[in-house]
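# Coordinates in review
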Amino acid sequence: MNLFATAKSSRVRAPAVAGRFYPGDPTKLRQTVEQLLHTAPAWNGPVPKALIAPHAGYLFSGPVAAAAYTTLAGGRGVVERVVLLGPAHFVGFHGVAATDKEAFATPLGRVAVDVPALNELVERKLVVRLEQAHADEHCLEVQLPFLQVLLDTFKIVPLVVGDVSISELGRLLDEIWGGPETLIIVSSDLSHYLGAAAARVMDESTATAIARLAPEELNEQQACGLVAIRSLLAVAAKHNLAARRLDLRNSADAGGPADRVVGYGAFAFGAVR
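Note that the structure is predicted; figures quoted are calculated from it, not measured.

## Here we look at the overall build of the protein
The number of helices and strands found in the protein is nine helices and 12 strands. Radius of gyration (C-alpha) of the protein: 17 Å, near the 19 Å computed for a compact globule of 273 residues. Structurally, the protein occupies a C-alpha span of about 45 × 40 × 40 Å along its principal axes. Across the 273 residues that make up the protein, the buried fraction comes to 54%. For the protein, the distance from the average position of its 25 positive side-chain charges to the average position of its 27 negative side-chain charges is 3 Å.

## Observations concerning the confidence of the model for the protein
Looking at the protein as a whole, the pLDDT averages 95, with 96% of positions reaching at least 70. Scored below 50 in pLDDT, residues 1-7 makes 15 contacts in the model with residues more than four places away or belonging to other chains.

## Focus: the packing of helix H7 (residues 166-176) against helix H9 (residues 226-238)
For the pair H7 and H9, the least separation of the axes is 9 Å and the interaxial angle reads 55°. Between H7 and H9, the angle falls in the class oblique. For H7 against H9, the interelement crossing comes out right-handed. Within the contact between the two elements, H7 uses Ile 166, Leu 169, Gly 170, Leu 173 and Asp 174 and H9 uses Val 227, Ala 228, Arg 230, Ser 231, Leu 232, Val 235 and Lys 238. Broken down by class, the residue content of the contact of H7 with H9 amounts to seven nonpolar, two polar and three charged.

## Things to note about unusual backbone geometry
Located in the positive-phi region is Lys 125, a residue other than glycine, with phi close to 60°. Considering the arrangement of structural elements, one finds Lys 125 in the loop between helix H4 (115-123) and strand S7 (128-129).

## Points about the pairing of strand S2 (residues 50-53)
Of the two faces of S2, the one lined by Ala 50 and Ile 52 and the one lined by Leu 51 and Ala 53 are each fully buried. Of the pairings in the sheet, the one linking S2 to strand S9 (residues 182-187) comprises four bridges and is parallel in character. Within S9, the position partnered with Ile 52 by the bridge is Val 186. With three bridges connecting them, S2 and strand S12 (residues 261-271) associate as antiparallel partners. Along S12, the bridge assignment pairs Leu 51 with Ala 268.

## Here we look at the pattern of salt bridges
Under the defined criterion, the tally for this structure stands at 11 salt bridges. Linking Glu 141 and Arg 13 is a salt bridge whose minimum nitrogen-to-oxygen distance equals 2.9 Å. Of the two residues, Glu 141 sits in the loop between helix H5 (132-135) and helix H6 (144-150) while Arg 13 sits in strand S1 (residues 12-13), which places them 128 residues apart along the sequence. Here the salt bridges do not stand alone but share partners, grouping Glu 120, Arg 124 and Glu 175 into one network.

## What to know about the packing of aromatic side chains
Inspection of every chain in the model, using the stated rule, returns three aromatic pairs. Ring geometry for Tyr 58 versus Phe 146: centroids 5.2 Å apart, planes at 50°, classification tilted. Of this pair, Tyr 58 sits in helix H3 (residues 58-69) while Phe 146 is found in helix H6, placing the two residues 88 residues apart along the sequence. Given the relative accessible area of 7%, Tyr 58 is considered buried.

Rules used throughout
Residues numbered from 1 in each chain as written. Predicted model: local features only at pLDDT ≥ 70, side-chain atom pairs only at ≥ 80, totals over all residues. Heavy atoms only, no water. Helix = DSSP H or I, 4+ residues; strand = E, 2+ residues; numbered from the N terminus. Rg over C-alpha atoms; globule rule 2.2 N^0.38 Å. Buried < 20%, exposed > 50% of the residue type's maximum accessible area, 1.4 Å probe, protein only. Lys, Arg positive; Asp, Glu negative; His and termini not counted. Charge placed at Lys NZ, Arg CZ, Asp CG, Glu CD. pLDDT = per-residue confidence, 0-100. Contact = heavy atoms within 4.5 Å. Axes fitted to C-alpha atoms, helices over the stretch in contact; angles between N-to-C directions. Parallel < 35°, antiparallel > 145°, perpendicular 65-115°, else oblique. Left-handed = near helix turned anticlockwise from the far one by under 90°. Nonpolar A, V, L, I, M, F, W, Y, C, P; charged D, E, K, R; others polar. Pairing = 2+ DSSP bridges. Salt bridge = Lys/Arg side-chain N within 4 Å of Asp/Glu carboxyl O. Phe/Tyr/Trp six-rings, centres within 6.5 Å; stacked < 30°, edge-to-face > 60°.

Below, the structure written as structure tokens:
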């Protein structure tokens with residue numbers, strides 16, 4: 001059975017960037033993810049409540065993403081639902097976009113959507129149905145293979161963030177925050193298209209603000225997923241969580257050109273110890 005063809009003809013979202021942002025062959029994809037996780041720094045803490053992870057192609061941001069996801073090594077049997085928030089790259093709209101799909105597919109298989117949770121968010125007018133925002137969007141999709149390798153059965157709440165206020169998104173996060181069974185992931189790259197040296201300065205400033213849980217210190221130039229990051233910082237402070245920097249690099253560090261780089265950061269949020 002052709003997984004991609006089946007996905008296109010059903011209530012399953014087909015992969016949009018398989019074979020481009022990450023390997024399209026399932027065996028190669030699993031090997032790639034496992035190797036990235038193997039080479040990531042070891043994590044000796046509990047499973048975090050929230051993560052910030054990048055969403056570029058694995059060739060460039062994969063090691064940084066792995067630094068975030070290695071924190072979920074103990075998440076099997078604990079994490080049952082993953083709330084994914086990432087910025088809209090292709091469609092402009094107001095609010096936060098939910099999907100009408102029942103599952104998302106990658107070469108590793110399907111991940112079920114928490115349909116009741118999404119329905120409730122729609123009923124509470126915290127999100128809108130907008131399938132166009134999900135159709136070609138990569139920012140959530142690239143997170144899935146890491147989760148599929150690391151976790152057992154889990155469901156996702158995939159949300160693409162459009163033009164929305166920090167307070168509105170904060171109310172949404174409060175609504176779906178849950179307990180240890182719910183993991184929040186904000187998908188975001190950091191600075192865009194600066195020279196490597198300038199990018200390192202800006203990304204260091206961004207990382208410092210995130211570690212301080214200081215959303216007011218961040219601006220639009222520092223991250224494409226700024227609204228979700230700022231909302232997460234505010235809600236994390238309210239829940240007395242601490243932020244920990246896991247990795248900070250840019251595309252030049254992965255062999256890309258040094259004159260126009262993209263920054264990548266990995267951060268974990270957990271209870272203050």
